[in-house]
Amino acid sequence: MANKQYKTGEKAPESGKYKVDKLVNGKNAEDQTEINLNEGDQFPPSPSEGEAAYWVKSS
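Okay, so let's go over this structure. Worth saying up front: this structure is predicted, and the values here are computed from it rather than measured.

Points about the environment of Pro-47
Then, in step 1: As for its position among the elements, Pro-47 is in the loop between β3 (34–37) and β4 (53–57).
Then, in step 2: Setting aside residues no more than four positions away along its own chain, Pro-47 makes contact with Val-20, Asp-31, Thr-33 and Trp-55.

See below:
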């Protein structure tokens, strides 16, 4: 089962670590950075590319 994706600007449904899955523009993300978000925090752009991204929960 694939992890649910969350788009830049959406709010995190639960606290945890998230990583960029891919960029919204369709390019593969080179960024492997994990970020910690609390429930209700907004997903940021990709830290390395500065572009809108799809995030997945990593742990």
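Describing the sheet that holds strand β2 (residues 16–23)
By definition, the strands of a sheet pair up through backbone hydrogen bonds, in either a parallel or an antiparallel sense.
Then, in step 1: Pairing in this open sheet of 4 strands is antiparallel, and the strands run β1-β4-β2-β3 from one edge to the other. Pairing within the sheet leaves two strands with one partner each, and these edge strands are β1 (6–7) and β3.
Then, in step 2: Note: β1 against β4, 2 bridges, orientation antiparallel. Residue pairing in the sheet places Lys-7 in a bridge with Tyr-54 of β4.

Criteria and cut-off values
Residues numbered from 1 in each chain as written. Predicted model: local features only at pLDDT ≥ 70, side-chain atom pairs only at ≥ 80, totals over all residues. Heavy atoms only, no water. Helix = DSSP H or I, 4+ residues; strand = E, 2+ residues; numbered from the N terminus. Contact = heavy atoms within 4.5 Å. Pairing = 2+ DSSP bridges.

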